[in-house]
Amino acid sequence: MDQETERVESIPLPAMTGPRELAEIGFNAVENQNRPVLLELDRGVTFLVRPGMSLELVTAELEWLWPRERTPEEFVELAHRLALLRDAPVPVHGISVEPGQTLEQVFTALLEQQQKRDHPRI
């Protein structure tokens with residue numbers, strides 16, 4: 001076990017808490033303790049909040065992991081925001097959402113990918 005793992009704090013989370021509230025709890029705990037905090041979500045999903053992460057990034061990451069139905073527009077906007085905050089590509093349904101892409105470019109790429117899946121060439 002490395003030193004960072006040994007210093008991770010796991011905190012109990014209140015029931016019926018949403019991703020934004022969890023992000024604030026994790027972010028504040030990291031700020032207060034100056035060490036990583038492991039948030040345990042439902043069904044064995046965990047997320048590690050590290051020192052230096054912004055509240056906005058923690059919120060976007062938890063929203064991404066949160067199991068809920070989204071409209072295609074909400075899904076694309078969240079993937080786009082996450083790519084910008086991570087400053088790294090986000091894989092989504094067979095495409096890669098890049099930080100420099102516009103929302104329109106992401107929608108177009110997803111529609112093209114869906115058309116390829118729905119109407120494969122024989």
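Higher on the page you've got the structure.
These numbers were taken from a predicted model, which means no experiment stands behind them.

## Topic: the side chain of His80
Within the element layout of this structure, His80 appears in helix H4 (residues 72-86). The buried category is assigned to His80, whose relative accessible area is 13%. Excluding its chain neighbours within four sequence positions, the residues that come into contact with His80 are Val97, Gln101, Thr102, Leu103 and Val106.

## Points about the nonpolar core
Side chains that are nonpolar tend, in soluble globular proteins, to be buried together. Counting residues in hydrophobic clusters, the biggest one holds 24 residues, and the most contacted among them are Val49, Val58, Leu62, Val92 and Val97. Those residues in contact with Val58 that sit more than four places away from it in its chain are Ala23, Phe47, Val49 and Met53.

## Looking at the environment of Glu77
Along the chain, Glu77 turns up in helix H4. Classification of Glu77 as partly exposed rests on a relative accessible area of 44%. Sequence separation between Glu77 and Thr102 is 25 residues; the distance between their C-alpha atoms is 9.9 Å.

## A word on the pattern of salt bridges
For the structure shown, the criterion picks out three salt bridges. In this structure, Glu63 engages Arg20 in a salt bridge whose closest nitrogen and oxygen atoms are separated by 3.1 Å. Residue Glu63 is found in helix H3 (residues 55-65), and its partner Arg20 is found in helix H2 (residues 19-33); the two are separated by 43 residues along the sequence. Using a relative accessible area of 52% as the deciding quantity, one classes Arg20 as exposed. Measuring nitrogen to oxygen at the nearest pair gives 2.8 Å for the salt bridge that ties Glu61 to Arg86. With Glu61 in helix H3 and Arg86 in helix H4, this residue pair connects regions lying 25 residues apart in the sequence. The exposure class of Glu61 is buried, given its relative accessible area of 10%. On the accessibility criterion, Arg86 (33% relative accessible area) is partly exposed. In this structure, a network of salt bridges that share partners links the residues Arg20, Glu63 and Arg81.

## Brief notes about H3
The complete set of buried residues in H3 reads Leu57, Val58, Thr59, Ala60, Glu61, Leu62 and Glu63. Close packing links the buried residues of H3 with H2, strand S2 (37-40), strand S3 (46-49) and H4.

## Some thoughts on H2
The terminal C-alpha atoms of H2, which comprises 15 residues, lie 21 Å apart, in line with the 21 Å expected from a rise of 1.5 Å per residue. Buried residues of H2: Pro19, Leu22, Ala23, Gly26, Phe27, Ala29 and Val30, and no others. Each buried residue of H2 sits inside an arc of 160 degrees when the element is viewed along its axis, so together they form one side. Turned more than 90 degrees away from the buried face of H2, the exposed residues are Arg20 and Asn32. Just beyond H2, the residue with positive phi is Asn34, at close to 50 degrees.

What counts as what
- Residues numbered from 1 in each chain as written.
- Predicted model: local features only at pLDDT ≥ 70, side-chain atom pairs only at ≥ 80, totals over all residues.
- Heavy atoms only, no water.
- Helix = DSSP H or I, 4+ residues; strand = E, 2+ residues; numbered from the N terminus.
- Buried < 20%, exposed > 50% of the residue type's maximum accessible area, 1.4 Å probe, protein only.
- Contact = heavy atoms within 4.5 Å.
- Core = buried A, V, L, I, M, F, W, Y, C linked by side-chain atoms within 4.5 Å.
- Salt bridge = Lys/Arg side-chain N within 4 Å of Asp/Glu carboxyl O.
- Expected span 1.5 Å × (residues − 1).
- Arc of directions from axis to C-beta.

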